[in-house]
Amino acid sequence: MKISCIAIDDEPLALDIVKDYASKIPYLDFIRTFSNAIESIDFCKSNPVDLVFLDIQMEELTGVQWLKIINPRPLVIFTTAYDSFALQGYELDVVDYLLKPISFERFVKAVDKVYEKLRVEKMIQHPPLELLPMSSQDDYFFVKTEFRLEKVGFDEILYIEGMGDYLRIVTPQKRIMTLQSFRKMEEILSPQRFCRVHKSYIVAMDKIESIERNRIRLAGQLIPVSDSYRKVFFSMLERKKLE
């Protein structure tokens, strides 16, 4: 995914720094810089961009005024020498607030927030394909994540974790985020091999390392067993337990 962006600042040195930093980020498509905020408005009307690095204190038009004028509004990262505008930035729903002089490490952290925000929005706009019904011979399935289909082997799954509207399928090799429901996932998982132990977790029974009280240790993680699922889980466990 490429993120188109511009920078608006009346300080040439500040523009050069943002442009240089952006050139080092593979997913940023840096289009141009503007020292005149009014000129940038005309540009954005005919050339919509995903992200704007926007200075707050400019002579002809402040960053706050620019935000109130621009429509449709792109994602914005404020760049300023004054920390007194942090609260105002929060109220205007900007993605981040970079205080000059901006370090490259802090710049990367800010643009990563933008990348994640746009990635999630695109996943919502392009819902995953319905999981195909499994036959008894199937040993894998496909889920949609971002713009591709990921193959997942049943034997690879360690656990599945709920993350808001998404599921994270964890295997030894990768972690796959997909816009799926637990209900749909439970329909295709073998009840002899997988167990729902919490509203936010399904675990692979054969991948469990140990159990202490109401916590499962699996792949270095401690996964809780909630009251709602405890009876079914420990019933499955009894079948595997040596007396």
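Residues numbered from 1 in each chain as written. Predicted model: local features only at pLDDT ≥ 70, side-chain atom pairs only at ≥ 80, totals over all residues. Heavy atoms only, no water.

**Student:** So what about the nonpolar core? Which residues, and what values?
**Tutor:** Residues Leu28, Leu51, Phe53, Ile77, Phe107, Val111 and Val114 are the most contacted members of the largest nonpolar core, which totals 23 residues. Taken together, the elements giving at least two residues each to this core come down to strand S1 (3-8), helix H1 (12-23), strand S2 (28-34), strand S3 (51-55), strand S4 (75-80) and helix H5 (104-125). Ranked by residues supplied to this core, first place goes to H5 with five residues. In terms of nonpolar packing, the next biggest core, distinct from the first, is built from 22 residues, Phe43, Cys44, Ile56 and Trp66 among them. (Core = buried A, V, L, I, M, F, W, Y, C linked by side-chain atoms within 4.5 Å. Buried < 20%, exposed > 50% of the residue type's maximum accessible area, 1.4 Å probe, protein only. Helix = DSSP H or I, 4+ residues; strand = E, 2+ residues; numbered from the N terminus.)

**Student:** I'd like to hear about the sheet that holds S2, residue by residue, with values.
**Tutor:** Spatial strand order, S2-S1-S3-S4-S5: five strands in an open sheet with parallel pairing. Here the strands that pair on one side only, and so sit at the sheet edges, are S2 and strand S5 (96-99). Across the sheet, the mean angle separating the axes of adjacent strands is 20° when strand polarity is ignored. Set on the sheet, H1 makes contact with S1, S2 and S3; between it and S2 the angle comes to about 170°. Along the sheet face, helix H2 (residues 37-46) touches S1 and S2 and points at about 135° away from the line of S2. (Pairing = 2+ DSSP bridges. Axes fitted to C-alpha atoms, helices over the stretch in contact; angles between N-to-C directions. Contact = heavy atoms within 4.5 Å.)

**Student:** Please provide a residue-by-residue account of the sheet that holds strand S10 (residues 175-178), values included.
**Tutor:** If you walk across this open sheet you meet the five strands as S10-S9-S8-S12-S11, and the pairing is antiparallel. Taken across any chain shown, the strands that pair with only one partner, and hence form the sheet edges, are S10 and strand S11 (194-198). Strand after strand, the sheet turns through a mean of 25° between neighbouring axes, direction not considered. Bridging between strand S8 (residues 159-163) and strand S12 (residues 201-204) involves three bridges; their strand directions are antiparallel. Its bridge partner lying in S12, Tyr159 is registered against Val203.

**Student:** Outline the pairing of S4, supporting the account with residue identities and numerical values.
**Tutor:** Of all six residues making up S4, six are buried, and the element is well covered by its neighbours. On S4, burial covers both faces: Leu75, Ile77 and Thr79 on one face and Val76, Phe78 and Thr80 on the other are all buried. By the bridge criterion, five bridges tie S3 to S4 in an arrangement that is parallel. Bridged to Asp55 within S4 is Thr79. A crossover connection joins S3 to the parallel S4 through helix H3 (residues 63-69); in handedness this β-α-β unit is right-handed. By the bridge criterion, four bridges tie S4 to S5 in an arrangement that is parallel. (Right-handed = clockwise from strand over helix to strand, strands pointing away.)

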